[in-house]
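Descriptive structure summary
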Amino acid sequence: MIAFIDTNIPMYAAGKEHPCKTGCLEIMKAIACGEIQAYTNTEVFQEILYRYYSINERKLGVQLFDSFYTIMQGYILSVQPPDILLARELTVEYPTLSSRDLIHLAVMLNNGITHVFTTDQGFQNINGLQVISPT
């Protein structure tokens, strides 16, 4: 199985106590140890910085960015023009999916990734995508 790592997995793993924290930590440890083959994309890093900068926690955001980059190095997919075009097409089929999740979905589809680790309920009803929750 090859999976995509959504933004909320490293964020919950690094964050304060939360019902998802333990499961997210286990996922991140399994990736770091090579037990799970996983990819993410460049947009996830932008989301991490955006979130932490928006709550005035820049230092924590950069620390999480660096830690996640270290774990995912070599498994970070770029968002390419075909991904952007597919995301636009997917707006018709999945009108309630957020713009960021549309980009993630397009990257997954264009790279043959059919599993996603996420706490995001938006991915639940995507045809051909298996959502793996950390809980």
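Look a little higher up for the structure.
Residues numbered from 1 in each chain as written. Predicted model: local features only at pLDDT ≥ 70, side-chain atom pairs only at ≥ 80, totals over all residues. Heavy atoms only, no water.

Bridge count between strand 1 (residues 2–5) and strand 2 (residues 37–41): 3 bridges; the pairing is parallel. By the bridge assignment, Phe4 is partnered in strand 2 with Tyr39. Pairing geometry for strand 1 and strand 4 (residues 115–117), over 3 bridges, is parallel. Its bridge partner lying in strand 4, Ile5 is registered against Phe117. (Pairing = 2+ DSSP bridges. Helix = DSSP H or I, 4+ residues; strand = E, 2+ residues; numbered from the N terminus.)

This brings us to the sheet that holds strand 2. Reading across the sheet, the 5 strands line up as 3-2-1-4-5 and stay open at both edges, with parallel pairing between neighbours. Looking at which strands have only one partner, the edges of the open sheet turn out to be strand 3 (76–77) and strand 5 (130–132). Strand direction decides the pairing type here: strand 2 and strand 3, joined by 2 bridges, are parallel. Looking at strand 3, one finds that Thr40 is bridged to Ile76.

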